[in-house]
Amino acid sequence: MTDTNFVVPGDLVGTSEEYLPGNGTYEENGNIYADITGKISINAKERSVFIDPVIKAPPVPHEGDIVIGRVVDIKGSVALVELSRIKGHLDREIAGNTSAAIHISNVKDSYVQDLAQEFGYQDIVKAKVIDTKNMRLSTVDKSLGVLTSQCSRCRTPLKLEAGKLKCPQCERRETRKLSSDYGKGII
Ligand SMILES: [Zn+2]
């Protein structure tokens, strides 16, 4: 696709002396304008100009993107995350491979000995994509980390109380690498 063919509504795409106005265009004072976003196309047989609509492709994660996902497994030094959304494209599901991993060295600034102290099964995490080839994520920044979590004993959502996670049901206390947005519903 050449960018010069790409138009948005209101762009001049031709004149009525040259063409008939086709799909996605309108005519005004002898000029033909785009009515939709897309690519200018010519039907030579009809001598008409029309706009080939651009279908927005599902978003693909890029390096540096902030993503949202669910912890589906913790295996030794790696937390496996099933990605669901990219910040900036929250209305669309991620396209393609949604399996990602957070290595124990990319969890936070300080040394992590036990990954199970930082993430729990089914936690929702906010993370940054640091490697798209192997889909590696980082939660080192303050805003990154766990957004919601469940009690590992009774599955009740854990509440943040004076900086500590506590189960309101069974009073169990747990630790996580928390996002500064934990429990706020902010992404
Ligand atoms: Zn509990």
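Rules behind the numbers
- Residues numbered from 1 in each chain as written.
- Predicted model: local features only at pLDDT ≥ 70, side-chain atom pairs only at ≥ 80, totals over all residues.
- Heavy atoms only, no water.
- Helix = DSSP H or I, 4+ residues; strand = E, 2+ residues; numbered from the N terminus.
- Rg over C-alpha atoms; globule rule 2.2 N^0.38 Å.
- Buried < 20%, exposed > 50% of the residue type's maximum accessible area, 1.4 Å probe, protein only.
- Contact = heavy atoms within 4.5 Å.
- Donors = N, O, S within 2.8 Å, 3.2 Å for Na, K, Ca; no water.
- Tetrahedral: all angles 85-135°; square planar, octahedral: opposite > 155°, others 65-115°.
- Pairing = 2+ DSSP bridges.
- Core = buried A, V, L, I, M, F, W, Y, C linked by side-chain atoms within 4.5 Å.

**Student:** How should the overall build of the protein be read in this particular structure?
**Tutor:** Counting its regular elements, the protein contains zero helices and 16 strands. A compact globule built from 187 residues would reach a C-alpha radius of gyration of about 16 Å, whereas the protein, at 25 Å, exceeds it by more than 25%. Its C-alpha atoms put the protein at 75 × 35 × 25 Å along the principal axes. A burial count over the protein gives 34% of its 187 residues as buried. The contacts in the protein between residues at least 6 apart in sequence include a share of 49% that link residues at least 24 apart.

**Student:** What is the right way to look at the coordination of the zinc ion in this model?
**Tutor:** By definition of the ideal shapes, four donors in a tetrahedron about a metal sit 109.5 degrees apart, and six donors in an octahedron sit 90 or 180 degrees apart. Note on the zinc ion: its protein donors are Cys151 (SG), Cys154 (SG), Cys167 (SG) and Cys170 (SG). The metal-donor distances range over 2.2 to 2.3 Å. Coordination at the zinc ion comes from four donor atoms whose angles at the metal span 98 to 123°, giving a geometry best classed as tetrahedral. Mapped onto the sequence, the donors of the zinc ion take the spacing C-x2-C-x12-C-x2-C. With a relative accessible area of 0%, Cys151 lands in the buried category. On the accessibility criterion, Cys154 (30% relative accessible area) is partly exposed.

**Student:** Explanation requested: the sheet that holds strand 1 (residues 6-7) in the structure shown.
**Tutor:** Strands in a sheet are paired, the pairing made by backbone hydrogen bonds, and the direction either parallel or antiparallel. Here we have four strands laid out as an open sheet, ordered 1-6-7-3, and mixed in their pairing. Of all the strands in the sheet, just strand 1 and strand 3 (20-21) have a single pairing partner and so form its edges.

**Student:** What is the right way to look at the nonpolar core in this model?
**Tutor:** General note: in soluble globular proteins, nonpolar side chains tend to be found buried as a group. Within the largest apolar cluster, 25 residues are counted, with the highest numbers of intra-cluster contacts made by Val81, Leu83, Ile102, Phe119 and Leu137. Secondary structure elements with two or more residues in this core: strand 8 (66-75), strand 9 (78-86), strand 10 (99-103) and strand 11 (124-131). The dominant element in this core, judged by the number of residues it contributes, is strand 9, at four residues. Residues in contact with Leu83, not counting those within four places in the same chain, are Pro61, Val67, Ile68, Gly69, Ile94, Thr98, Ala100, Met135 and Leu137.

**Student:** What should I look at first to understand the sheet that holds strand 15 (residues 164-166) in this one?
**Tutor:** The strand order across the open sheet built from three strands is 14-15-16, with neighbouring strands paired in antiparallel fashion. Of all the strands in the sheet, the pair left with one neighbour each is strand 14 (159-161) and strand 16 (173-174). Where strand 14 meets strand 15, three bridges bridge the pair, whose relative direction is antiparallel. Bridged to Lys159 within strand 15 is Lys166.

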